[in-house]
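Now for the letters of each chain:
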Amino acid sequence: MIRRHLQQVAQVLREAKSVVLACHLNPDGDTLGCALALQATLEGLGKRVITLSSDGVPEIYRFLPGAEKILTSTEQRGFDVAVVCDTGMPERIGKAKDAVFSARIVVDIDHHVTEGAFGDIRIQQPKAAATAEIVYRLLKVMDVPITPAIATCLLTGIITDTGLYRYMNVSPTTFRLSATLMEAGASPAQIAEEVFERRSFPSVKLLGRALEHIRQEEDGRLVWSYLSHEDFAELGATDEDTEGIITQLRAVRDSVVLALLREVKPGRVRVSVRSRDERIDMAKLAEKFGGGGHRLAAGFWVEGNIAEVKQKVIETLREWMHCSTSTSQRA
Ligand SMILES: [Mn+2]
């Protein structure tokens, strides 16, 4: 089934003269790596390619080969093919949507499973640790060379989506593919250094501030922290500098639900939530606040100053943890 879809995508890409590639909002290493691997491949085949990331390219991913060509928007329409990488939700590609849906054929490649229709050809493979694994298979079906640049883009997707091979999504295939990409010229050490060891000074200070504010509740099952607008202003940091902070909160023993609240602008708070327990569905919680995400990782915005929002969100989180786990305890 997947193989037939990959062949279909390979064919429409071969026939296309113009292609638009789209990344999701709050772009990560996987969405950017996939789009850039496809950009390099399609440019190599002489196609006219535009790569869109509505939220731009975070500093830590600017080392990716071809990243400088990524645009936040385009006026161009009527592409032969559009490829959306790493999301199945049209609203998750932001303003790239207009260019994408102007294409004759829309392709979606993702390792999340999203309900509802999206695009003309959809490849969803939840077993893949990263969309980069699926894009690699597509490039093999297309029978194109995996250059060092392409290998670097794809391995970045794998390394970032697996948290350096630490998450449950890692399979033997992930390691085999990583070995192949290494042989093709990618360096895991270089990628890890670029992504994880080149943080700005304000961003490390901000991590310190978040760790200083850390709280434990619900017998340690709820671990959360916050950053106020004053913290950002004092340290000269921006919201981009909060990348990865919530992952650090996971380090706390017995933590089940993690939350990071940050007042990005005065009176406007971004909340990221994570869960280690499938029963505690973070996507559903985020929806209550008009946000979204996945079962174990989601985010939303709340209006109000940090003190008000803290109280409201943490209270809701506590209730959510109780009602998500109590029914199954009784059963
Ligand atoms: Mn991904």
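Residues numbered from 1 in each chain as written. Predicted model: local features only at pLDDT ≥ 70, side-chain atom pairs only at ≥ 80, totals over all residues.

Examining the overall build of the chain
- Helix and strand content of the chain: 12 helices and 11 strands.
- For a compact globule of 331 residues, the expected C-alpha radius of gyration is about 20 Å, and the chain comes in at 20 Å, within 12% of that figure.
- Seen through its C-alpha atoms, the chain measures out along the principal axes to roughly 55 × 50 × 40 Å.
- A buried classification covers 41% of the 331 residues belonging to the chain. (Helix = DSSP H or I, 4+ residues; strand = E, 2+ residues; numbered from the N terminus. Rg over C-alpha atoms; globule rule 2.2 N^0.38 Å. Buried ≥ 20, exposed ≤ 12 C-beta atoms within 10 Å, placed from the backbone.)

Considering the sheet that holds strand 10 (residues 292-293)
- Across the sheet, which stays open at both edges, the six strands sit in the order 6-7-8-9-11-10 with mixed pairing between neighbours. Looking at strand neighbours, the two that pair on one side only are strand 6 (215-217) and strand 10, the edges of this open sheet.
- Relative to strand 11 (residues 297-303), strand 10 runs antiparallel, the two being bridged by two bridges. The residue of strand 11 that forms the bridge with Gly292 is Gly299. (Pairing = 2+ DSSP bridges.)

Examining the domain arrangement of the chain
- Structurally, the chain comprises domain 1 (2-196) and domain 2 (201-330).
- Relative placement of domain 1 and domain 2: their C-alpha centres are 28 Å apart.
- Of the residues belonging to the side of domain 1 that touches domain 2, the class tally is two nonpolar, two polar and one charged. (Domains from an automatic or database assignment. Nonpolar A, V, L, I, M, F, W, Y, C, P; charged D, E, K, R; others polar.)

Points about the environment of Gln248
- As for its placement among the helices and strands, Gln248 is situated in helix 10 (residues 245-249).
- When the C-alpha positions of Gln248 and Gly163 are compared, they lie 11 Å apart, and in sequence the two are 85 residues distant.
- Each residue touching Gln248, except ones within four places of it in the same chain, is listed here: Leu207 and Leu211. (Contact = placed C-beta atoms within 7 Å.)

Things to note about helix 4 (residues 131-142)
- End to end, helix 4 covers 17 Å across 12 residues, agreeing with the expected 16 Å (1.5 Å per residue, within 8%).
- Of the residues making up helix 4, those classed as buried are Thr131, Ala132, Glu133, Ile134, Val135, Tyr136, Leu138 and Leu139.
- Two residues or fewer after helix 4 comes Asp143, characterised by a positive phi angle close to 60°. (Expected span 1.5 Å × (residues − 1).)

A word on helix 8 (residues 201-212)
- The end-to-end C-alpha distance of helix 8, which contains 12 residues, comes to 17 Å, matching closely the 16 Å that a straight helix rising 1.5 Å per residue would cover.
- Among all positions in helix 8, only Ser203, Leu206, Leu207 and Ala210 are buried. An end-on view of helix 8 places all buried positions within 105° of arc, on one side of the element. For helix 8, exposure combined with an orientation more than 90 degrees from the buried face picks out Phe201, Gly208 and Glu212.
- Check the buried side of helix 8 and you find it contacts strand 7 (222-227), helix 9 (229-235), helix 10 and strand 8 (257-265). (Arc of directions from axis to C-beta.)

Comments concerning the packing of helix 2 (residues 29-44) against helix 5 (residues 148-161)
- At their nearest, the axes of helix 2 and helix 5 sit 8 Å apart, and the two run at 165° to each other. If you check the angle between helix 2 and helix 5, you find them roughly antiparallel. Both helix 2 and helix 5 take part in a crossing whose hand is left-handed. Across the interface between the two elements, Gly29, Asp30, Gly33, Cys34, Leu36, Ala37, Ala40 and Thr41 from helix 2 touch Ala149, Ile150, Cys153, Leu154, Thr156, Gly157, Ile159, Thr160 and Asp161 from helix 5.
- Of the residues that constitute the contact of helix 2 with helix 5, the class distribution is nine nonpolar, six polar and two charged. (Axes fitted to C-alpha atoms, helices over the stretch in contact; angles between N-to-C directions. Parallel < 35°, antiparallel > 145°, perpendicular 65-115°, else oblique. Left-handed = near helix turned anticlockwise from the far one by under 90°.)

Quick notes on the nonpolar core
- Counting residues in hydrophobic clusters, the biggest one holds 63 residues, and the most contacted among them are Val20, Ala22, Ala82, Val135 and Leu154.
- Those residues in contact with Ala22, other than ones at most four positions away along the chain, are Leu52, Ala82, Val84, Cys85, Ile93, Ala96 and Val100.
- If you look at the next biggest cluster of nonpolar residues, it comprises 31 residues, including Leu206, Ile246, Phe300 and Trp320. (Core = buried A, V, L, I, M, F, W, Y, C linked by C-beta atoms within 7 Å.)

Observations concerning the sheet that holds strand 1 (residues 18-22)
- Pairing within the open sheet is parallel, and its five strands lie in the order 2-1-3-4-5. Where the open sheet ends on each side, the last strands, each with one partner, are strand 2 (48-52) and strand 5 (121-124). For this sheet, the mean inter-axis angle between neighbouring strands, taken without regard to orientation, is 15°.
- Pairing geometry for strand 4 (residues 105-110) and strand 5, over four bridges, is parallel. Bridge assignment links Asp108 to a residue of strand 5, and that residue is Arg122.
- Contacting strand 1, strand 3 (81-85), strand 4 and strand 5, helix 1 (residues 2-15) runs over the sheet at an angle of about 135° to strand 5.
- Lying over the sheet, helix 2 contacts strand 1, strand 2, strand 3 and strand 4, oriented at roughly 170° with respect to strand 2.

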